[in-house]
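Descriptive structure summary
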Amino acid sequence: MSIIADDNDFEKQQTVKKNPIVQANVEETDKTFENNIRPKTFNTYIGQSALKETLKITIQAAKKREKPLDHLLFYGPPGLGKTTLAGVIANEMCVPIKITSAPALERPRDIIGILMSLEEGEILFIDEIHRLNKVAEEILYPAMEDFYLDMTTGKSQTVKTLRVPLPKFTLIGATTKAGELSGPLRDRFGIIHRLEFYNEKELSEVIQRTAGILEIQIDEKGAAAIAKRSRGTPRIANRLIKRVSDFALVKYDGKVTEDIANQALDILKIDEFGLDTTDRNLLKLIIEKYDGGPVGIETIAAAIGEDARTLEDVCEPFLLQCGLLQRTPRGRKVSPQTYRHLGYKIKNQSEQQSLF
Ligand code: ADE
């Protein structure tokens, strides 16, 4: 039996739900997929070259001293490979890793349980560490600093404090919001690094590597076309390669070329900067209703029907990075480049000066 795909299936599917494909927050469907394609070594981990070089030295030094690594904090926009990098570090150190996230450590017993289950040298990775509650933080301080837990037994006057030793472990924290980490927690990380957006060449390599693993045929120009619209983010590049490959298979012979990639991305309504409908709505709102801004993020969120925190964490980092949006103390505003990109006429000189 053969299944004949309707030529318009791809287009129909793309309009079924809101289009979050180029927003870098992790979706449930990403998790298994990402685990299957994650690089395990520095040699196969593409990009972040300055950070990789520093980490290699740190790892070699820790190995020579036969001591665990210092606690590490990675920060930066979502989708740039913080979890992947933690896995690479564990692999290069030849130690096991436990992966969790701050919202999963709600009760004291969650964090105590995980700390007590660690092996000597093991890595504990806590994602979204800025969301750790106060109690969990207090438990972590002595654990990070001197590798013990302060446990209390008994009630009121008979209360006793027990010091429970822990194995020497390494905590790797990851956050999209380094500014929201409390000072005392931040100070307990020996090494703090920012992950940068990827350039198009690096993303093109990520795409070709993933295509190889997924047995997708793609040429260099096809990979470059996807890289161009992946907003500096491997997670998005990896999502797009799958969608573009579906399109290539349904409409052509399965091979991804530049022309086919561009057709598919146009149907997905991802423009040549990698912006999707949400981004464009946000920018258009500032231009059309607020004369280019400034306007507060809560107002924008209410007007376009999105959550303000999601806009801040997921949409904005890339718009800020590519200069299409600016953050000012009085709110968000757009730049002349935004007007040009979205096809608006820039106002005359005197009006423009008052705007920007
Ligand atoms: N997939 C996601 N991130 C990657 C990276 N940095 N290198 C290689 N493959 C990746």
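Reading guide: rules and limits
- Residues numbered from 1 in each chain as written.
- Predicted model: local features only at pLDDT ≥ 70, side-chain atom pairs only at ≥ 80, totals over all residues.
- Heavy atoms only, no water.
- Near = heavy atom within 4 Å.
- Polar contact = N/O pair within 3.5 Å; in protein donor to acceptor, adjacent residues only side chain to side chain.
- Areas by Shrake-Rupley, 256 points an atom, 1.4 Å probe, with all protein chains shown as cover.
- Helix = DSSP H or I, 4+ residues; strand = E, 2+ residues; numbered from the N terminus.
- Contact = heavy atoms within 4.5 Å.
- Buried < 20%, exposed > 50% of the residue type's maximum accessible area, 1.4 Å probe, protein only.
- Arc of directions from axis to C-beta.
- Salt bridge = Lys/Arg side-chain N within 4 Å of Asp/Glu carboxyl O.

1. Side note on the site of the ligand
- Lining the immediate environment of the ligand, one finds P39, T44, Y45, I46, Y198, V206, R209, P234 and N238.
- Interatomic distance of 2.8 Å between a backbone N/O atom of I46 and a nitrogen atom of the ligand.
- About the coverage of the ligand: the protein hides 94% of its 260 Å² of free accessible area.
- Listed by contribution, the elements that provide at least two residues to the shell around the ligand are α8 (200-214) and α10 (234-251).

2. Side note on the side chain of T210
- Structurally, the position occupied by T210 is in helix α8.
- Discounting chain neighbours no more than four positions away, the residues touching T210 are F33, I37, N238 and I241.

3. Some thoughts on helix α11 (residues 258-267)
- Along α11, the positions that sit buried rather than exposed are I260, A261, A264 and L265. For α11, the angular spread of the buried residues around the axis is 130°, confining them to a single face.

4. Looking at the pattern of salt bridges
- According to the stated counting rule, one finds 22 salt bridges in the structure shown.
- Across the pair R38 and E34 runs a salt bridge whose closest N-O atoms are separated by 4.0 Å.
- A salt bridge links K98 to E122, with the nearest nitrogen and oxygen atoms 3.2 Å apart. Placement of the pair is K98 in strand β2 (residues 97-101) and E122 in the loop between α5 (108-116) and β3 (123-127), with a sequence separation of 24 residues.

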